[in-house]
Amino acid sequence: MAVDTQLPYDKEYVANYSGKRNEPDWFKDIRQKAVDLADDLPMPNPEKTRIKNWNFTDFEHDVSGADIKSFDELPEKIRVLLGDHVEERNLIVVRNNNIAYAKLSDELKEKGVIFEDIFTAMHEHGDLVQKYFMQDGVSVDENKLTARHAALMNSGIFLYVPKNVEIEEPIQVIFWQEDDHAALFNHVLLVADQHSQVTYVENYVSNNDETETVANIVSEVFALDGAKVSYGAVDNFAQGTTSYVNRRGHVERDATLEWALGQMNDGHTLSENVTNLVGDNSLSHAKAVSVGRGNQKQDFTANIRHWGQASEGYILQHGVMKDNSASIFNGIGKVENGATKANAEQESRVLMLSEGSRGDANPILLIDEDDVTAGHAASVGRVDPIQLFYLMSRGISQQEAERLVIHGFLAPVVREIPIETVQSQLREVIEGKVY
Amino acid sequence: MAGSTLEIKDLHVEIEGEEILKGVNLTIKGGEFHAVMGPNGTGKSTLASAVMGHPKYEITKGEIYLDGEDVLEMEVDERAQAGLFLAMQYPSEISGVTTSDFLRSSINSQREEGDEIPLMQFIKEMDSKLDTLEIDKNMAQRYLNEGFSGGEKKRNEILQLMMLQPAIAILDEIDSGLDIDALKVVSKGINEMRSENFGCLIITHYQRLLDYITPDHVHVMMQGRIVKSGGPELAHRLESEGYDWIKEELGIDDETVGQEA
Ligand SMILES: Nc1ncnc2c1ncn2[C@@H]1O[C@H](COP(=O)(O)OP(=O)(O)OP(=O)(O)O)[C@@H](O)[C@H]1O
Ligand SMILES: [Mg+2]
């Protein structure tokens, strides 16, 4: 089946949508231009994954979700992500693109921390949002899907941490697509001002095993001079959702950005995670784990670009492929001219559990500077039947043996994830995907 | 009932189309310790692996029964649950899975659901076995066999044996790579298992191990068959005289598999 790549949503629809929500002019303007760009620009073109037949157009754009009055009403799948002492946490739950629950402690409010719906922030903190929104991070005109993102954005979070403010407890957002056909065009804008510190954790959840829809997610993360940001995500869209995920980091002098990504979607997924190490002595770790199952196709790119001197970038990704799933893991380390003493390291490992699964790891180092260190390791292999024999010879069933091998294979990354809550969430979600 | 009985009858095994075992007959009963000896490449590990259900070995003829149950009909995990155990000559390394987690999964797999071993009881039992085998307690928290020395892997196999308490165990060259002290410790562990309810088949090249663990029966394998059986004195004779006298007695030129007498 050939899928139409043009959208049924035109300029008039988008203008109405903007008007209804009373959006500021600068943003209306971005949206209108984006509609044209979305028509003209090409789709992203991952080298080794055919996305031609993926669904990018069948979805419901304008939906809403009810407020959450009690956490008890949430499904189990969401509750496990929340853990204990929910009431005390700085947390937003987005339900069908609406903020259904939001809490930020008075203490953080007093310190000037902003944590709210991005559309609200456009009114209350318009200058800040406008300064960072799709400027130096992801551009509207990168491809058809980034343009479509700007045109149809229907959800988003703005998190701002002022200078020198250090937040200990993780700040969490749950994006829950309760409506099976609801599309999520979600934008996360995180700005950590100079010498601030924050841990942000996001979860994407849906249950549309049958009904098709799309998720188009852009995250822009700015770590200004000396800031420390830990960004954890567990993506867990159901089989019916086709996901485009674009997470972008901008790291200034002496700043650190740690990505901890659990790429656990059950549908087709195209994901790129690009970090620009702009400042001298900037540092980024991009750690990711994935489990593919069913017939899903996935394409992951982890890309760290070095501009700053003595900048350090480390990519670590492990993926397990089951059933008839296929995944490509691209690792790109790019050192620009002038980024002396930069260090670009990466490791990608793929384990295939079944005859029908496919996995590929492409390590790429692009270096335009002499005075650097760089390295890569990559492996793609099938589960060793002798290992399974060994485990089973102690009475463990084949399923349990595979489960142990999968957890074991992913453990070196999961264990390295700096955010405790993401570690335990991941273990839960992996557990759910293993069977 | 005093122990289990493992019966191997006229077992023929092929690997990649080549016949390795050519009719092995052997019965092991609870309370008995058997030793299997024989030159390299004569089919000892093949016998051990085939009994446990190694995926590469194809049984072309013969039968295996454990207390009358058809072992060849069972999956690998079912064989273990029925009471079989194999300490492997070359145990696999399993990255990311700790020895302790693995052991607990193994024990629980042999118990009813809802009747899992309580964590404290498990730790207590494991600690006491670790002591017996003089294994550093940290090893239980290391990934299974990963980076273990040859001797550590062997001790780990015996740790598993002692924790799982099978009815019939096959120990494939459990003594290779062990220093003298480790050999004594491992033998002590195996001897602790001795009871009416435990039968054991020990594959070894050396009398040294049999000095510590006295076998009731000794068998010699050549060309994929058991060619001679006897008591402990047979092992002593092999130690001092080698295999030539048996080959002469039986008219065998080349003892390895694939050569016909
Ligand atoms: N995976 C395999 N592929 C091909 N041939 C094999 C394989 N495994 C065993 N063989 C062959 O089967 C024969 C018997 O091997 P086996 O490992 O059973 O010998 P063994 O008696 O245990 O020897 P050792 O004393 O050296 O451990 C050998 O000739 C060996 O090369
Ligand atoms: Mg052998």
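Procedures and definitions
Residues numbered from 1 in each chain as written. Chains lettered and ligands numbered in written order. Predicted model: local features only at pLDDT ≥ 70, side-chain atom pairs only at ≥ 80, totals over all residues. Heavy atoms only, no water. Near = heavy atom within 4 Å. Polar contact = N/O pair within 3.5 Å; in protein donor to acceptor, adjacent residues only side chain to side chain. Helix = DSSP H or I, 4+ residues; strand = E, 2+ residues; numbered from the N terminus. Nonpolar A, V, L, I, M, F, W, Y, C, P; charged D, E, K, R; others polar. Buried < 20%, exposed > 50% of the residue type's maximum accessible area, 1.4 Å probe, protein only. Arc of directions from axis to C-beta. Contact = heavy atoms within 4.5 Å. Axes fitted to C-alpha atoms, helices over the stretch in contact; angles between N-to-C directions. Parallel < 35°, antiparallel > 145°, perpendicular 65-115°, else oblique. Left-handed = near helix turned anticlockwise from the far one by under 90°. pLDDT = per-residue confidence, 0-100. Buried area = accessible area lost by both parts, 1.4 Å probe. Salt bridge = Lys/Arg side-chain N within 4 Å of Asp/Glu carboxyl O. Donors = N, O, S within 2.8 Å, 3.2 Å for Na, K, Ca; no water. 1 Å grid on protein atoms, 1.4 Å probe; cavity = no way out; pocket = protein on both sides within 12 Å on 5 of 7 lines; lining within 4 Å. Points joined across faces, edges and corners; volume = space filled by probe spheres on them. Pairing = 2+ DSSP bridges.

1. Some thoughts on the site of ligand 1
Residue and element names in this part refer to chain B.
Consideration 1: The full set close to ligand 1 counts 14 residues, and Gly 41, Lys 44, Ser 45, Thr 46 and His 205 are the nearest of them.
Consideration 2: At 2.9 Å, a backbone N or O of Gly 41 approaches an oxygen atom of ligand 1.
Consideration 3: The backbone of Thr 42 places a nitrogen or oxygen atom 3.2 Å from an oxygen atom of ligand 1.
Consideration 4: Of the residues forming the shell around ligand 1, the biggest block, three residues, is contributed by helix H1 (residues 44-52).
Consideration 5: For the shell around ligand 1, the per-class residue count stands at three nonpolar, eight polar and three charged.

2. Notes on helix H1 (residues 11-20) of chain A
Residue and element names in this part refer to chain A.
Consideration 1: All of the buried residues along H1 are Val 14, Tyr 17 and Ser 18. An end-on view of H1 places all buried positions within 100° of arc, on one side of the element. Away from the buried face of H1 by more than 90 degrees, exposed residues Glu 12, Asn 16 and Lys 20 are located.
Consideration 2: Where H1 is buried, its residues touch helix H2 (25-40) and helix H7 (144-152).
Consideration 3: Remark: Asn 22 follows H1 within two positions and exhibits a positive phi of approximately 55°.

3. Side note on the packing of helix H4 (residues 119-132) of chain B against helix H5 (residues 150-164) of chain B
Residue and element names in this part refer to chain B.
Consideration 1: Look at H4 against H5: their axes get within 10 Å of each other, and the N-to-C directions meet at 135°. Considering the angle they form, H4 stands oblique to H5. Between H4 and H5 the crossing geometry is right-handed. Counting all contacts with H4, which are made through Phe 122, Glu 125, Met 126, Lys 129, Leu 130 and Thr 132, the residues of H5 involved are Leu 159, Met 162 and Met 163.

4. Regarding the confidence of the model for chain B
Residue and element names in this part refer to chain B.
Consideration 1: Per-residue confidence for chain B gives a mean pLDDT of 93; residues scoring 70 or more make up 98%.
Consideration 2: Looking at the elements of chain B, mean pLDDT is at its lowest for helix H9 (residues 244-250), recorded as 90, and at its highest for strand E6 (residues 84-87), recorded as 98.
Consideration 3: Interface scoring of the predicted complex returns ipTM 0.95; its pTM is 0.84.

5. Here's the deal with the environment of Lys 341 of chain A
All names here are of chain A.
Consideration 1: With respect to the element layout, Lys 341 can be found in the loop between strand E16 (326-335) and strand E17 (343-352).
Consideration 2: Since its relative accessible area comes to 55%, Lys 341 is described here as exposed.
Consideration 3: Separated by 208 residues in the primary sequence, Lys 341 and Phe 133 have C-alpha atoms spaced 31 Å apart.
Consideration 4: Aside from chain neighbours lying at most four places away, what touches Lys 341 is Ala 310, Ser 311 and Asp 371.

6. What about the packing of helix H8 (residues 385-392) of chain A against helix H9 (residues 398-414) of chain A?
Residues and elements named next belong to chain A.
Consideration 1: Following both chains from N to C, one finds H8 and H9 inclined at 120°, their axes separated by 9 Å at the closest point. Where H8 crosses over H9, the handedness of that crossing is right-handed. Between H8 and H9, the contacting residues are Gln 387, Leu 388, Leu 391 and Met 392 on the first element and Gln 398, Ala 401, Glu 402 and Val 405 on the second.
Consideration 2: Looking at the contact of H8 with H9, its residues break down into five nonpolar, two polar and one charged.

7. Overview of the interface of chain A and chain B
Consideration 1: Across the boundary between the two partners, chain A contributes 19 residues, which contact 33 residues of chain B.
Consideration 2: It is Phe 389, Tyr 390 and Arg 394 of chain A in chain A that bury the most area against chain B; as a group they hold 41% of the surface buried on that side.
Consideration 3: Between chain A and chain B we count one salt bridge in total.
Consideration 4: The salt bridge involving Arg 394 of chain A is made with Glu 157 of chain B; its shortest N-O contact spans 2.7 Å.
Consideration 5: Here chain A is connected to chain B by 11 residue pairs in polar contact (both at pLDDT 80 or more).
Consideration 6: Contributions of two or more residues to the side of chain A that touches chain B are made by H8 and H9 of chain A.
Consideration 7: With seven residues, the top contributor of residues to the side of chain A that touches chain B is H8 of chain A.
Consideration 8: A class-by-class count of the residues in the side of chain A that touches chain B yields 10 nonpolar, six polar and three charged.

8. Focus: the coordination of the magnesium ion (ligand 2)
Consideration 1: Distances from the magnesium ion (ligand 2) to its protein donors, namely Ser 45 of chain B (OG) and Gln 89 of chain B (OE1), fall within the range 2.0 to 2.3 Å. One end of the pair, Ser 45 of chain B, is in helix H1; the other, Gln 89 of chain B, is in the loop between E6 and helix H3 (99-109), and 44 residues separate them in sequence.

9. A look at the layout of surface pockets
Consideration 1: Its volume calculated, the largest pocket comes out at about 650 Å³.
Consideration 2: What lines the largest pocket is a set of 26 residues, and nearest its centre among them are Glu 400, Arg 403, Leu 404 and His 407 of chain A together with Ser 105 of chain B.
Consideration 3: Elements supplying a minimum of two residues to the lining of the largest pocket: H9 and helix H10 (420-434) of chain A together with helix H2 (76-82) and H3 of chain B.
Consideration 4: Sort the elements by how many residues they give to the lining of the largest pocket and H9 of chain A lands first, with nine residues.
Consideration 5: By volume, the second largest pocket amounts to about 440 Å³.
Consideration 6: Forming the walls of the second largest pocket are 22 residues, and the residues nearest its centre are Asn 45, Pro 46, Glu 47, Glu 272 and Thr 301 of chain A.
Consideration 7: For the lining of the second largest pocket, the secondary-structure elements that each account for two or more residues are strand E10 (241-251), strand E12 (269-277), strand E14 (297-306), E16 and strand E18 (358-367) of chain A.
Consideration 8: Looking at the lining of the second largest pocket residue by residue, the class counts come to eight nonpolar, seven polar and seven charged.

10. Quick look at unusual backbone geometry
Residue and element names in this part refer to chain A.
Consideration 1: The residue His 85 is not glycine, and still its phi comes out positive at about 55°.
Consideration 2: Unusually for a residue other than glycine, Met 134 sits at a positive phi of about 50°.
Consideration 3: Relative to the assigned elements, Met 134 resides in the loop between helix H6 (126-132) and H7.

11. Things to note about the sheet that holds strand E6 (residues 184-192) of chain A
Residues and elements named next belong to chain A.
Consideration 1: An order of E3-E4-E6-E8-E10-E12-E14-E16-E18 is seen for the nine strands of this open sheet, with the pairing classed as mixed. Single-partner strands in this sheet number two, and they are strand E3 (114-117) and E18. This sheet shows a mean twist of 5° between the axes of neighbouring strands, independent of strand direction.
Consideration 2: Bridge count for strand E8 (residues 213-223) against E10 is 11 bridges, and the pairing is parallel. Residue Ile 217 lies in a different strand from E10, and its bridge partner there is Val 245.

12. Topic: the pairing of strand E2 (residues 18-29) of chain B
All names here are of chain B.
Consideration 1: Where strand E1 (residues 5-15) and E2 come together, nine bridges link them in antiparallel fashion. Along E2, the bridge assignment pairs Leu 11 with Val 24.
Consideration 2: Remark: two residues form the turn of the hairpin made by E1 and E2, two consecutive strands paired antiparallel; Glu 16 in that turn has positive phi of roughly 45°.

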